[in-house]
Amino acid sequence: CRLSQYVTVGPMPTEHRSTEHQLEEALERLQEALEELRRKEAFNFALFQHNPLEITVVDRKGCVVKSNLARRNASDALPELGAPLFGNPEAYDMNVGEELFRAMAAGETARCPEVRGGERVYDFTLSPFAHGAIVLRRDITQEKLAEGQLIIGQTGFAQRRRQRRPFLARLRALQHAYRLG
């Protein structure tokens, strides 16, 4: 785009032609910067929308401003735009909304690592910024179930091992007696 497209004056005097050239170069640099900004915005939008973590952006009042595809496709309903994200304090076994406001007041990221909501277990990360906060929610229900199964398995193994100790002691005694005999 040339500056002359936007300026409807007659020919510039010779002494001002270098100024016209400088303005054209500045406009060209500005257009290149805008194009770079568009590319970066498209990249950031893709990162936000296609992130597997459930992401909700809230304003300083804790109301939903934006969410990504993972959060909108989650099994539980997302509050409407403009509604408080944590409007129902009984939805989780702790008041995550209070933690959100504490994090925003302190200006520091906070974690709520094992929050139960219905039959699910979530890990929340609350990251404040100047205009609100980014709320990351990760469903860790399957991990917690696997941990429970592992503990049950380890407990059962330990019990079986304790039950086998007398048998192994007798077996070793017999082996020892057989070698001596």
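This section reports on the structure supplied with the text. (Residues numbered from 1 in each chain as written. Predicted model: local features only at pLDDT ≥ 70, side-chain atom pairs only at ≥ 80, totals over all residues. Heavy atoms only, no water.)

**What to know about the environment of Ile 55**
- Assignment of secondary structure puts Ile 55 in strand S1 (residues 54–59).
- Taking the C-alpha atoms as reference, Ile 55 lies 4.7 Å from Leu 136; in sequence the two are 81 residues apart.
- Contacts of Ile 55, omitting those with residues within four sequence positions, involve Phe 48, Lys 66, Ser 67, Asn 68, Arg 71, Ile 134, Val 135 and Leu 136. (Helix = DSSP H or I, 4+ residues; strand = E, 2+ residues; numbered from the N terminus. Contact = heavy atoms within 4.5 Å.)

**Focus on the sheet that holds S1**
- Taken in spatial order, the five strands make up an open sheet running S2-S1-S5-S4-S3, and their pairing is antiparallel. With one partner strand each, in any of the chains shown, strand S2 (64–67) and strand S3 (110–117) form the two edges of the open sheet. Shown here is a sheet whose adjacent strand axes are inclined to one another by a mean of 25 degrees, direction ignored.
- Pairing of S1 with S2 involves three bridges; the strand directions are antiparallel. Across the sheet, the residue bridging to Val 58 is Val 64, located in S2.
- Helix H3 (residues 96–106) rests against S1, S3, strand S4 (120–129) and strand S5 (132–139) of the sheet, and its axis sits at about 25 degrees to S4. (Pairing = 2+ DSSP bridges. Axes fitted to C-alpha atoms, helices over the stretch in contact; angles between N-to-C directions.)

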